[in-house]
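Here's the letter readout for the chains.
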2 protein chains.
Amino acid sequence: MKQATIIGSGLVGSLWAVYLSKQGYKVNVFERRTDMRKAKISAGKSINLAMSFRGWKALDEMGIGDEIRKISIPMYGRTMHALDGKTTYQPYGINNQAIYSVSRGDINCKLMDIAEREGNTQIKFSEECIGADLKNGTVDLKNTETGKLSEHTSDVVFGTDGAFSAIRYNAFQKTDRFTYSQNYIEDGYREILLPANADGSYKLEKNTLHIWPRGRFMLIALPNFDGSFTCTLFMPFENHEHCFNNLTSKEKVNNFFKSVFPDFFEMMPNIADAWEDHPLSSLAIIRCFPWTNGKAALMGDAAHATVPFFGQGMNAGFEDCSALYSLMKKHNENWTEIFKEYEVIRKPNGDAVQDLSMLNYIVMRDKVADPVFLLQQKVERRMAELYPGNYFPMYSMVSFSDIEYQVALTKGKEQDKIILDLILQNNITNDTSPENIDKFIHRSFGEKIKN
Amino acid sequence: MKQATIIGSGLVGSLWAVYLSKQGYKVNVFERRTDMRKAKISAGKSINLAMSFRGWKALDEMGIGDEIRKISIPMYGRTMHALDGKTTYQPYGINNQAIYSVSRGDINCKLMDIAEREGNTQIKFSEECIGADLKNGTVDLKNTETGKLSEHTSDVVFGTDGAFSAIRYNAFQKTDRFTYSQNYIEDGYREILLPANADGSYKLEKNTLHIWPRGRFMLIALPNFDGSFTCTLFMPFENHEHCFNNLTSKEKVNNFFKSVFPDFFEMMPNIADAWEDHPLSSLAIIRCFPWTNGKAALMGDAAHATVPFFGQGMNAGFEDCSALYSLMKKHNENWTEIFKEYEVIRKPNGDAVQDLSMLNYIVMRDKVADPVFLLQQKVERRMAELYPGNYFPMYSMVSFSDIEYQVALTKGKEQDKIILDLILQNNITNDTSPENIDKFIHRSFGEKIKN
């Protein structure tokens, strides 16, 4: 029987185990942590994730999308909360397109169950990867409870152990000519749980992603099933008027929320007490190359960890699974050929999803509060309606299609520039009625797009 | 007694041990390798280095420059070897300014002797750094012969263990928000020993650095004391007409040298037999930040490993010693203050020496064969003569001064552009007589520079 090893039973590792099991592989997954299904432990630092097209495509490809849909909440747009408490709403797409809030823990547990259910996958917990012979497909393991050392050899090995991948650190990084970078941005984040009302109802509109955009920083909120929201404050660590290092007392936390998020403070006046429920965490973009070496490949965050601002980390990792699966079929499971093509086609997309994520940080924390930007998005959404299949805004290419990330990035930037220029030249900011927008679009693009 | 730990007894570690011993520190140096003074082993990959102003300044500051001068050979300029065997010569500076060829092994052995001679330094060999508690100044060591584990705590710890620094990898890289990148360039190198003539004489002019510039690749040669030259071929690994991966047989090696370095091949017709005497090696630029954490600091290649094309790797590392020494005096040995200022002032210079090194690769392999570039250098050298102390070409700022690398880079690029533009505008390429060059300089700069 064909043997595969996966390091890390996180989201990508568990899903990839499903793929490989279904292709007839005996799969051994080695996970450093204990079984999160048995004890309430955190799988990572962030609690909520947004599933979008690429994620669903991979899950549906394995026939398990519907099981995950049951534990997901659609968010059809963004609700922006201004300083004065006024909200504006902007749909993400057309025809009820949505991104879906899922709990990282719930989906991870579910994927592990599904992987094991097929019978070909065994997940072994408390097994830390301390080294590897990539050429031979051998991983060196240490049991974190007993200290016992072991090694395990198989036909093919996958590193899906996240941003701080042990197999990348202990094996890939030690190989000659391995390009590697870890760049922390100046901002960190802290999660805050906004509880449900006493009657279990939501304190905010449920089916939307809430943003309090404040220029250099922002607060966001994603819905959970129990009526609560998982909120995240993204902000510089230091050297700014508003930064984490300034919030050194309950009083300062209170004053900060009162002054910059007054409507939020009203909903959660005990914010200062809840402030330290979740740790202050850092954010990095990690790039490396090559992604494959001998019998081993990196996938997901281990290959291309990104900052979270486009909600694409999990989606990009799941798309790695789809991509490898296509290549398995194309190359008839010749892993040498598969790996060679995998890293060539996926690396530019890994870089692009990271660039897109940084771009979207500026959008979320700053641009969504800019009337011209909102108008631009309105024009783009209307264009997508008027020319279905012929015009895709950048956000839609990333979230509602499987157009390559690198194409979404390049084409999206071009489109943004063209549309912004036209809006400014045509002065339509004076009359943003649907009729005028339609006239403007027809005048500017009607002929071109139809051709 | 004040206690210091140094990881790595390479060039920077040994020199820094001298500095610290002389300031009254008891210094323990832990070196992973065996004692290179007892067995002929290689301290690293490159055999020759070029000492220039910054290196001498640090050595002289400790009163040991003259001991090293005895084992160094001045090179007053570059000798370019064209395809047809014709040579052109270009002095590096004015008034017999020179860079100095030294054997890495010889200078390293000498520095270790000097460090131990003071009595305060002990170098312990076969001791590998496997971890560290940076906050407490504790390093974890493993004896590579006995396997024995130990730990050692001191007031202050320095990582001078080179591009692949173990303390950086095992401790710094594991800290939160540590920015790190290792970027390999597409070129590698292979050293070749060009032996002396039978009578011990040099086969090439001794007091010059020889270059065979060939656009995308180059061969260089530096003199040794025994009449031989250490030659280095720098070339892409793959994907080029001329690349290492193409040279797969003795015949191919011979044909390559015959066609692109015919004069060299004549001096060394057995090149194909000597081809594998030295390994094919890769070249990387390594950047990281912060350079200090708690009681520990990185220095030299461990902090800012560079490609070798400006001959500044060792010089930059020795300058780290000078810089830290100045700060020790300024801050009265308060290491918290010293470290805080050290990384702020030195990091931009580490980045700059890496950028300068990449720029000089283009100069060496390509530009030195370009008549306009050579004229430009001639003009610059003449300007340095005419306006001593008021005009410094980029090469001189880097090699013959201690002007900060970041200033040399910025100012040098500005100067290059101005002078190149003036040369092209004034068409002096038609008449490059000294008189015309002087006229041109006076017309263009006379007044400005005097002011």
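Rules of the game
- Residues numbered from 1 in each chain as written.
- Chains lettered and ligands numbered in written order.
- Predicted model: local features only at pLDDT ≥ 70, side-chain atom pairs only at ≥ 80, totals over all residues.
- Heavy atoms only, no water.
- Domains from an automatic or database assignment.
- Contact = heavy atoms within 4.5 Å.
- Polar contact = N/O pair within 3.5 Å; in protein donor to acceptor, adjacent residues only side chain to side chain.
- Nonpolar A, V, L, I, M, F, W, Y, C, P; charged D, E, K, R; others polar.
- Salt bridge = Lys/Arg side-chain N within 4 Å of Asp/Glu carboxyl O.
- Helix = DSSP H or I, 4+ residues; strand = E, 2+ residues; numbered from the N terminus.
- Buried < 20%, exposed > 50% of the residue type's maximum accessible area, 1.4 Å probe, protein only.
- Pairing = 2+ DSSP bridges.
- Axes fitted to C-alpha atoms, helices over the stretch in contact; angles between N-to-C directions.

### Digging into the domain arrangement of chain A
Residue and element names in this part refer to chain A.
Point 1. Taken domain by domain, chain A consists of domain 1 (3–72 + 102–181 + 283–360), domain 2 (185–281) and domain 3 (370–450).
Point 2. Contact with domain 1, which involves 13 residues of that partner, is made by 14 residues of domain 2.
Point 3. Counting across the interface, domain 1 meets domain 2 through four residue pairs in polar contact (both at pLDDT 80 or more).
Point 4. Taken together, the residues of the side of domain 1 that touches domain 2 break down into eight nonpolar, three polar and two charged.

### Some words on the pattern of salt bridges
Residues and elements named next belong to chain A.
Point 1. Applying the stated rule across the entire model yields 52 salt bridges over all chains.
Point 2. In this structure, Glu319 engages Arg346 in a salt bridge whose closest nitrogen and oxygen atoms are separated by 3.0 Å. Of this pair, Glu319 sits in helix 10 (residues 313–330) while Arg346 sits in helix 11 (residues 335–365), and the two are 27 residues apart along the sequence.
Point 3. Look at Glu319 and you get buried, because its relative accessible area is 9%.
Point 4. Bridged by salt links that share partners, the residues Asp35, Arg37, Asp113 and Glu116 form one connected network.

### Topic: the sheet that holds strand 7 (residues 99–103) of chain A
Neighbouring strands of a sheet are bound in pairs by backbone hydrogen bonds; such pairs are parallel or else antiparallel.
Residues and elements named next belong to chain A.
Point 1. One open sheet accounts for three strands, arranged 3-7-4; its pairing is antiparallel. A single partner strand is all that each edge strand has here, and the edge strands are strand 3 (48–51) and strand 4 (72–75). Geometrically, the sheet is characterised by an average inter-axis angle of 35° between neighbouring strands, direction not taken into account.
Point 2. Taken together, the four bridges between strand 4 and strand 7 define a ladder with antiparallel strand orientation. Within strand 7, the position partnered with Ser72 by the bridge is Val102.
Point 3. In the packing of helix 10 onto the sheet, contacts are made with strand 3 and strand 7, and the angle to strand 3 comes to roughly 55°.

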